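Overview (structure and organization)
In case you want the letters, here they are:
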Amino acid sequence: MTDVANPERLLFASTTQSFLEKEASLGRLRELHAAGTSFDVDWWRRAAELGWTSLLVPEELGGGSVSGDGVADLALVAELAGRTVAPGPLHPVSTVLAGLVEAPENHEETIESLVSGEVVASWAVYEPGKQWSPLDPAVTATRTDTGYRIDGVKDRVEAGAEGPLLLVVAQCEGAVRQFLVPTNAPGVHIEPQRSIDLVKSYARVQFDGVELGESAAVGSAEQTAGLIARQSQIAQVLQCAEVVGILDTVMAFTIQWGFDRHSFGRPIGSYQALKHKYADLKIWFEACRATTNAAVAEVASRSPGADMAVSVAKSYVGEHAPGMLQDCVQLHGGIGVTWEHDLHLFLRRATLYRSMFGTPEEHNLRVYALTERESAS
Amino acid sequence: MTDATAAPTQTDESVEEFAARARAWLAENMPRIDPDNPPEADRGEEAPWLRARELQRMLWDGGFAGICFPREYGGLGLPIAYQKAFDNESRNYEMPVILNTPTFTICAATILDTGSEEQKRQHISGALRGDEVLVQLLSEPSGGSDLAGVITRADRVGDKWMINGAKTWSTSAFAADYGLMLARTNWDVPKHEGLTMFLVPIDSPGITLRRIKQVNGSVEFCEEFFDNLELGDDAVVGEVNQGWHVASRQLHHERRAVGGGSEFASGIGAEGKTDMPIDYVALLQKTGQADNERAREMAGRALVHRAVRDQLIDHVYHGVLDGSLHPASGSIIRITHAETHHLEFDTALAITGSSGVVDEGNDLIRCGERFLSRQTAALGGGTTEIARNIIGERILGFPREYAADRGVPFREVKRNKS
């Protein structure tokens, strides 16, 4: 992803990076937190103007990517966003767009408003009391004369209280379907949910007989499993890419600390116990980058191996990143556990991502099941 | 000293023409094999070595030996693209793959870099004809990681060198003709400056050779004892007291060979089925745990780590090539290789449970046995501790470890308490 040999991509990367450094600094993140805000709507519109929301969208639907490889470009944005633990609905908007562009019928205007940054949407896929199981919803969509009626509860919906639209996974006539639901529709009740991230907020959303028109459905029943697979892949590789950006940044200042901090008259990085810990961090970091790059490439090319590659990356990055950041806290000593030091901002985001959209353990099971299927065929 | 890459030579034959000629010759002359089920070539047995010499002789007679070695020493003097083409053509044929390392990729390559004209003519072409197997006599019982601290001594007696000491961990020395042996010739200078490399005939009087039996039963490694072994000046490789330079070339060639990056290797097949990856699906079925979520999760984790290791090898290979990663990043792969082995052997042990430690006649006890020699992956080819030092010091730039022997005449350096 840092392979920005392509000049347009290089320009895009540097524009994105300077925008993030200026407008989404760690200081700004702390201000948003203090104000109880998860992101600034106007800021998101400007991010959209830089092209962040258009990368997965084909030109005929008003989008376009920088290098011709939209998934890789988007992963680059996520990696850069990780460097400052940027706020904003990049993941939920990208995930919803990934589904909508596969089945754009009746949703052209929604796509346009998401691309422009005017509207924020989020994927309502989790349900209370259940772990990652996107194809097993209890929320129901019942056929009515004019369309569908939605009943049930979703939760852990990122930015669910901030956006006017939700893409809801529901059970409908024996099939899993997805529906676009406006949050201002009668019968939608939203309660914010706190997360361990400094700014990212989530929501519990209750649907009590929410009436929708025919056109609210996204894709056919036959298409839906494929759409959900694609949306999951996008959500998961974006998490991995953002974590790579987080690790890259934290490692850089933690390594510098190893040169600058002196104990017993020596830089602490000269002690073998610490040097070996640094070596392990370097090994795991390169492995996180390698597996994330591999997953991005498979998703970008819509390879049959994409599910496997994404689960491998999500498991590996999820298993290692939080522990690596805790190692960085340990290398910093007491300052590392203070509110004042920025380490916890990074640790919070990486820990959030470890467990959302499938834990390492859940992805290990998935990798085993895919391997079993391959060896049976 | 430049890398011992073969100089381009005057050939009118294109790579494609060469490949076509090789294809025809292989079909006519070499035994076919199934590359997924290669013939077992246990390096601890005599027979595979005799077979390898025979196969090498066939390659020599057919004019396909030493594709990247210079012509004056018996090779073909062709660029690496010709070797790659030959590897591709020969994958379905029985090849003397156990001769690749250390004979060709390390020993012959080092002799090419540092040997005398006479040594190059004798030993490189000898190896290419299948007449000579070469090994390294570097490590000593007195120490592993501190290679330059060797205490095997070579003393000047008249116009001869008198060798006394011991070497260990030499791969298949029992099957070899010559070994590159590092000995101390000056004890009054710091450790790197008093070493000399010798080329020793393994069957010389004064050498006693003993097999090392490993925990897993393998007997491929040997230990050698030298009692007043006599060598002439013609046995010196490079210059007297410049042996560390020669050893450094060996280490350089070894690292390249282990990563699969040597142009002097010919044939790319496996050495047998003993090193096949663990089949977790079969393991869970055999142990009645196909539906056990705990076992499935553990196996899935091992598969994840295996996949990431392969992705990392690719990432590091290209990173070093394009300069985005430090040239010493091979150590990242070296450690990950060991860590992945650990995880896999631990996982297999856990999954097989009691079936891995008591033989029920279903071969699952192999999982217990493989676990017993788990640490070989973290020791052979340099310990993971040394590799972590390399990452910490050379890649990340932290200060080097304190060495009590730096700049000190070797005679005064503290050694093992006996």
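Within each chain, residue numbers correspond to sequence positions counted from 1 in written order. Chain letters and ligand numbers both follow the written order, the letters beginning at A and the numbers at 1. Local features in a predicted model are, by the rule used here, given only for residues with pLDDT of at least 70; side-chain atom pairs are given and counted only at 80 or more, and totals for whole chains, interfaces and linings are based on all residues.

Counting from the N terminus, the helices are the DSSP runs of H or I reaching at least four residues and the strands are the DSSP runs of E reaching at least two. Check the secondary structure of chain B and you find 12 helices and 8 strands. Radius of gyration here is computed from C-alpha atoms only, and the compact-globule reference equals 2.2 Å multiplied by the residue count raised to the power 0.38. A compact globule built from 418 residues would reach a C-alpha radius of gyration of about 22 Å, and chain B, at 23 Å, matches this within 12%. By principal-axis analysis of the C-alpha atoms, chain B measures approximately 75 × 60 × 45 Å. The buried share among the 418 residues of chain B stands at 40%. Contacts here follow a simple rule: the backbone-placed C-beta atoms of the two residues must lie within 7 Å. Excluding contacts between residues fewer than 6 apart, the proportion of contacts in chain B whose partners are at least 24 apart in sequence is 73%. Labels follow a simple rule on C-beta atoms placed from the backbone: if 20 or more others lie within 10 Å of a residue's own, it is buried; if 12 or fewer, it is exposed; otherwise it is partly exposed.

Right, let's talk about the overall build of chain A for a bit. Helix and strand counts for chain A stand at 11 helices and 10 strands. Relative to the globule expectation of 21 Å for 377 residues, the C-alpha radius of gyration of chain A, 21 Å, shows essentially globular dimensions. Taken along its principal axes, the extent of the C-alpha atoms in chain A is 80 × 55 × 45 Å. Going through the 377 residues of chain A one by one, you find that 54% of them count as buried. Considering only contacts in chain A between residues 6 or more positions apart, those separated by 24 or more positions represent 75%.

On to the nonpolar core. Across soluble globular proteins, nonpolar side chains show a tendency to be buried alongside one another. Counting 148 residues, the largest nonpolar core has Ile150, Phe179 and Val237 of chain A as the members making the most contacts within it. In terms of residue count, the dominant contributor to this core is helix α7 (residues 221-260) of chain A (14 residues). One finds Val135, Trp161, Ala176 and Val200 of chain B within the second-largest nonpolar core, a separate group that totals 70 residues. In plain words, the nonpolar core is the set of buried Ala, Val, Leu, Ile, Met, Phe, Trp, Tyr and Cys residues that C-beta atoms within 7 Å link up.

Moving on, we get to the packing of helix α4 (residues 70-83) of chain A against α7 of chain A. All names here are of chain A. Note on geometry: axes are C-alpha line fits, over the in-contact stretch for helices, and angles between N-to-C directions span 0 to 180 degrees. Remark: α4 packs on α7, axes separated minimally by 7 Å, with the N-to-C direction vectors making an angle of 40°. Accordingly, the angle class assigned to the pair α4 and α7 is oblique. Crossing hand, α4 versus α7: right-handed. Between α4 and α7, the residues in contact are Leu74, Ala75, Ala78, Glu79, Leu80, Ala81, Gly82 and Arg83 and Val237, Leu238, Ala241, Glu242, Val243, Val244, Gly245, Ile246, Asp248 and Thr249, respectively. Under the convention adopted here, Pro, Cys and the residues Ala, Val, Leu, Ile, Met, Phe, Trp and Tyr are nonpolar, Asp, Glu, Lys and Arg are charged, and Gly plus all remaining residues are polar. Here the contact of α4 with α7 is composed, by residue class, of 11 nonpolar, 3 polar and 4 charged. Geometric relationships in this document are graded by angle, where less than 35 degrees denotes roughly parallel, more than 145 denotes roughly antiparallel, 65 to 115 denotes roughly perpendicular, and other angles denote oblique. The crossing is said to be left-handed when, going from far helix to near helix, the turn is anticlockwise and less than a right angle, and right-handed when the turn is clockwise.

Residue and element names in this part refer to chain A. You can read the domains of chain A as domain 1 (7-116), domain 2 (121-220) and domain 3 (223-376). For the domains described, the bounds stem from an automatic or database domain assignment. Each of domain 2 and domain 3 has a C-alpha centre, and the two are 29 Å apart. With 18 residues of domain 2 at the contact, the number on the domain 3 side is 15 residues. The element that contributes the greatest number of residues to the side of domain 2 that touches domain 3 is strand β5 (residues 175-182), accounting for 4 residues. When grouped by side-chain class, the residues that make up the side of domain 2 that touches domain 3 number 10 nonpolar, 5 polar and 3 charged.

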